[in-house]
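Understanding the architecture of this molecule
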Amino acid sequence: MAKEDKAILACEVCLCRNYTTHRSKKNNGKRLELRKYCPHCGKVTLHKETK
Ligand SMILES: [Zn+2]
C-alpha cells in the first residue's frame, strides 16, 4: 500500500476547500499557493494548501 500524499487547496477568502492535488516531494515543507477559481466567491482567488 502506497501512501498518497494529497494536499487540499482552500480558498483564502472563504476558506472553502475547492481542490485537491498531489504534493510534490520536492515541495516538502513548502505550502502550495495557487490562483484558482472559487465557485463560492465566483472569482479567481488565492488557494493555499491545508491539511
Ligand atoms: Zn472562495
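Note on numbering: residues in each chain are counted from 1, in written sequence order. Only residues with pLDDT of 70 or above have their local features reported here, since the model is predicted, and side-chain atom pairs are shown and tallied only from 80 upward, although totals for entire chains, interfaces and linings are computed over all residues. Water and hydrogen atoms were dropped before computing side-chain values, which therefore reflect all heavy atoms in the structure.

1. Section: the overall build of the chain
The following threshold applies: Here a helix means four or more residues in a row that DSSP labels H or I, a strand means two or more in a row labelled E, and each is numbered from the N terminus. Whether a residue is buried, partly exposed or exposed follows from its accessible area with a 1.4 Å probe, protein chains only, as a fraction of its type maximum: under 20%, in between, or over 50%, in that order. A contact between two residues is defined here by any heavy atoms of the two lying within 4.5 Å. What sets the accessible areas is the Shrake-Rupley method with a 1.4 Å probe; for residues, cover comes only from the shown protein chains.
The helix and strand tally for the chain stands at zero helices and four strands. Listed by position from the N terminus, the elements making up the chain come as β-β-β-β. Seen through its principal axes, the chain has C-alpha atoms that stretch 35 × 20 × 15 Å. By the burial criterion, 18% of the 51 residues in the chain qualify as buried. At a minimum sequence separation of 6, the contacts of the chain that also span at least 24 residues come to 39%. If you sum the accessible surface of the chain, you get close to 4300 Å²; carbon and sulfur atoms cover 50% of it.

2. So, the environment of P39
Counting through the fold element by element, P39 comes out in the loop between β3 (33–38) and β4 (43–50). Judged by its relative accessible area of 57%, P39 is exposed. Considering only alpha carbons, one finds P39 and C16, 23 residues apart in sequence, at a separation of 9.1 Å.

3. Considering the packing of aromatic side chains
Pairs of aromatic rings are described using the distance from one ring centre to the other and the angle between the two planes. Put simply, the test is: Here is the rule: rings of Phe, Tyr and Trp (six-membered ring for Trp) pair when centre to centre is within 6.5 Å. Planes less than 30 degrees apart are stacked, more than 60 are edge-to-face, and the remainder are tilted. Only lysine NZ and arginine CZ atoms are considered, and such an atom sits over a ring when it is within 6 Å of the ring centre and within 35 degrees of the ring normal.
One pass over the structure, following the stated rule, counts zero aromatic pairs. The side chain of K36 reaches across the aromatic face of Y19, ending 4.6 Å from its centre.

4. So, the coordination of the zinc ion
Defined as follows: Coordinating donors are taken as N, O and S atoms within 2.8 Å of the metal, stretched to 3.2 Å for Na, K and Ca; because water is absent from the atoms, sites can appear incomplete. Any coordination sphere not matching a tetrahedral pattern (four donors, all angles between 85 and 135 degrees) or a square planar or octahedral pattern (four or six donors, opposite donors over 155 degrees apart, other angles between 65 and 115) is reported as irregular.
Looking at the metal site, the zinc ion is ligated by C11 (SG), C14 (SG), C38 (SG) and C41 (SG), spaced 2.2 to 2.4 Å from it. Classification of the site at the zinc ion as tetrahedral follows from its four donor atoms and the range of 105 to 114° in their angles at the metal. For the zinc ion, the donor residues sit on a single chain with the sequence spacing C-x2-C-x23-C-x2-C. Assessed through its relative accessible area of 0%, C11 is described here as buried.

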